[in-house]
Amino acid sequence: MATSQPPVRHLGVTAPISLSLPTERDKAITISLMEELRHQGIFETEEETRLREHVLGRLAGLVKQFVEKVSLMRGLSATAAKQAGGKIFTFGSYRLGVHGPGTDIDTVCVVPKHVSREDFFDIFEPMLREFEGASEVSGVPEAFVPIIKAKINGVELDLLMARLALSQIGDDLTLQDDNLLKNLDERCIRSIGGTRVTDEMLRLVPDVVVFRDALRCIKLWAKRRAIYSNVMGFLGGVAWAMLVARICQLYPKGNAGVVISRFFTIMYRWSWPQPVMLKQIEEGPLQVRVWNPKLYPSDRAHRMPIITPAYPAMCSTHNVTESTHKVMTDEFRKAAEIVDQVMVDKAQWSQLFAKHDFFHKYRYYLQITASSGDADTQIKWSGTVESRLRQLVMKLEFVESLILAHPFTKGFEQVYFVTDEAELNAASSGEIWDSFKKRTAKDIEGEEGGRAVFTTTFYIGLSIEPKPVGATGPRRLDISYPTAEFAKLVKMWEHFQATQMGIVVRHIKSSALPDYVFDEGERHPKPPLKRPKTAKTSGKNGEDSEDHPNKKPRSSHTPADLQALQVASAPSDRQSTARISNGEPNYNRRPPSPPGLGTPILPFAETVVAQATGVVAP
């Protein structure tokens, strides 16, 4: 009688696709990949590594001093205050081991139950300001996850805080135990979630070294292709890491070359919204919401669900929109084609990391300019506008004839020095006149009306449906409603000041894009934008949905909100309406396969859909 074999244990929610060892070709491809990554300069030096470790060691000592100080204030004895402890944990790219030169370190300061969040900002933040080598210390207690940003010896740090229901925080504490989450508020749960997710991810990959090498490649590719930004509706670092970890689970014996060669094909063919999970979702000790599309309608709406492995399971990609999903799918396809060519020696790895073509891709763009009169205000105001841009993208997706609204992943910061109201209006509208383009602060010293204007400008590329066969004449694209609603939304911010902050949304052609969005030599020179001859006509051409800073509306004019609506709804082919043209990328359906690639497939008849997702293909 044959004896039954015990089931083979594996990592992940399904069995691996392949248990094959790397071939000689796979090994050669991996060597060339690592050489290219080193050439791209993504590895920090040993000196930089030692500096980070030194800074973290000093920070750990400061946290203990902070806890001891608060403990004494709460009436604890000197001995008990000393034993109260305190510990810092890292998360994100540093804890995953894939950080590069100049990147910040995400940390969470874990403190005992008698230390409050108010203590963190009222006591620890001033201590940090006085700390030797510390600079640029800035606390944001009202943030969704309250944070202190700082630099210590030139190393940037993001510091969160979590208070556990413990009287002492020892050096041997780990955050793996789900019971540590009991009696914590949501902000504390969110604060330690990053470390818990990172640690669980590292436990769920078969080979940490392979995972790190492959993740470095994917992070660099995603940043170069401008699809690395959670706030803009793409994927953030955690989501990209979980995708790579899932491919590592499916090829547990593979090296980095194997993982990368499969990554893009599998992601292109993935049956979204089938979720990507590194383990089955688990129940826990808390009455908290766990991702469950069967129970929660909002969870069913997630387009690319990538689920965190640590309790409580959450969707790390709830920000993904229809447009950003299409953009990423197209990028997966392009990358699959390149890697397919690399595998047969017809392309180089450097081609995978080519810079994005966002500012060459579309004929029309929305330009969103947030402006204010000082640097500190601008940081908070531009951050508020950036955090709400996804809402504008989602509203644009409902506009008839608009296939896609593609947001760029970062804003462009500029400071201009203006001398009168006309220049102020132009600068805060995103226009760059030759008269103030190169002007410095020294140039306006003692000049009446001279002031600085701080701007942060964001861009959204617009892909338009081709004109129907037989149609004649231009069509108009009405984006008045989404742009006006967006302007209202950002001005609902509780700290908004109409006389100090401006928001302008305007439509521009690709030929009107400013030079600062291009690298040197990337575009042909164009004539400078000169100041209009009279102030009477400047800044009032009907192109903007605008609200300028430092300028109170005159009684003879329509208030800013109504003015934005009227301008946006007026028949104009300049700002809020657009003439339609052909020749733009078609995102209306899954992109067609390029010549020589076909639908991306895996070697050895590996069945992606059935095995990677756990869903049997019909």
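Residues numbered from 1 in each chain as written. Predicted model: local features only at pLDDT ≥ 70, side-chain atom pairs only at ≥ 80, totals over all residues. Heavy atoms only, no water.

**Things to note about the pattern of salt bridges**
One pass over the structure, following the stated rule, counts 31 salt bridges. Note that Glu322 is salt-bridged to Arg303, the shortest N-O span being 4.0 Å. Of this pair, Glu322 sits in helix α11 (residues 322-343) while Arg303 is found in the loop between α10 (297-300) and β7 (306-307), placing the two residues 19 residues apart along the sequence. Arg333 is paired through a salt bridge with Asp330; the nearest N and O atoms lie 2.9 Å apart. Of this pair, Arg333 and Asp330 both sit in helix α11, three residues apart, roughly one helical turn. Here Arg333 and Asp330 have matching classes, each one buried. One connected set of salt bridges, linked through shared partners, spans Arg225, Asp330, Glu331, Arg333 and Lys334. (Salt bridge = Lys/Arg side-chain N within 4 Å of Asp/Glu carboxyl O. Helix = DSSP H or I, 4+ residues; strand = E, 2+ residues; numbered from the N terminus. Buried < 20%, exposed > 50% of the residue type's maximum accessible area, 1.4 Å probe, protein only.)

**Focus on empty space enclosed by the protein**
It is a probe the size of a water molecule, rolled over the atoms, that shows where empty space is left. Taken as a whole and assessed by the stated rule, the structure comprises four cavities of 30 Å³ or more. Considered as a void within the structure, the largest cavity measures approximately 80 Å³ in volume. The wall of the largest cavity is formed by Lys279, Gln280, Ile281, Glu282, Ile307, Thr308, Pro309, Ala310, Tyr311 and Ala313. Classifying every residue of the lining of the largest cavity by side-chain character gives six nonpolar, two polar and two charged. Roughly 50 Å³ of internal volume is contained in the second largest cavity. Arg225, Ala226, Glu331, His356, Asp357, Phe358, Lys361, His406 and Phe408 are the residues that line the second largest cavity. Of the residues contributing to the lining of the second largest cavity, the split by class is three nonpolar, two polar and four charged. Each of domain 1 (24-41 + 204-353) and domain 3 (358-465 + 478-512) accounts for three or more of the residues forming the lining of the second largest cavity. (1 Å grid on protein atoms, 1.4 Å probe; cavity = no way out; pocket = protein on both sides within 12 Å on 5 of 7 lines; lining within 4 Å. Points joined across faces, edges and corners; volume = space filled by probe spheres on them. Nonpolar A, V, L, I, M, F, W, Y, C, P; charged D, E, K, R; others polar. Domains from an automatic or database assignment.)

**With respect to the packing of helix α2 (residues 46-73) against helix α5 (residues 117-130)**
For the pair α2 and α5, the least separation of the axes is 10 Å and the interaxial angle reads 130°. Here α2 is positioned oblique relative to α5, judged by the angle of their axes. For the pair α2 and α5, the crossing hand works out as right-handed. Residues Leu59, Leu62, Val63, Gln65, Phe66, Lys69, Val70 and Met73 of α2 form the contact with α5, whose own contacting residues are Asp119, Phe120, Ile123, Phe124, Met127 and Leu128. Classifying every residue of the contact of α2 with α5 by side-chain character gives eleven nonpolar, one polar and two charged. (Axes fitted to C-alpha atoms, helices over the stretch in contact; angles between N-to-C directions. Parallel < 35°, antiparallel > 145°, perpendicular 65-115°, else oblique. Left-handed = near helix turned anticlockwise from the far one by under 90°. Contact = heavy atoms within 4.5 Å.)

**Observations regarding the UniProt feature "binding site: Mg(2+) 1" (unreviewed entry) in the protein chain**
According to UniProt, the positions carrying the feature "binding site: Mg(2+) 1" (unreviewed entry) are Asp104 and Asp106. Of note, Asp104 is situated in the loop between α4 (92-96) and β2 (105-111). Those residues in contact with Asp104, other than ones at most four positions away along the chain, are Arg52, Glu156, Leu157 and Asp158. Excluding its chain neighbours within four sequence positions, the residues that come into contact with Asp106 are Phe89, Thr90, Phe91, Gly92 and Asp158. (UniProt positions renumbered as here; feature names shortened; annotations may be inferred.)

**As for the side chain of Glu431**
If you trace the backbone, Glu431 turns up in the loop between α15 (421-428) and α16 (434-437). Classification of Glu431 by relative accessible area gives buried; the value is 10%. Among the polar contacts made by the side chain of Glu431, one reaches the side chain of Trp433 at a distance of 3.1 Å. (Polar contact = N/O pair within 3.5 Å; in protein donor to acceptor, adjacent residues only side chain to side chain.)

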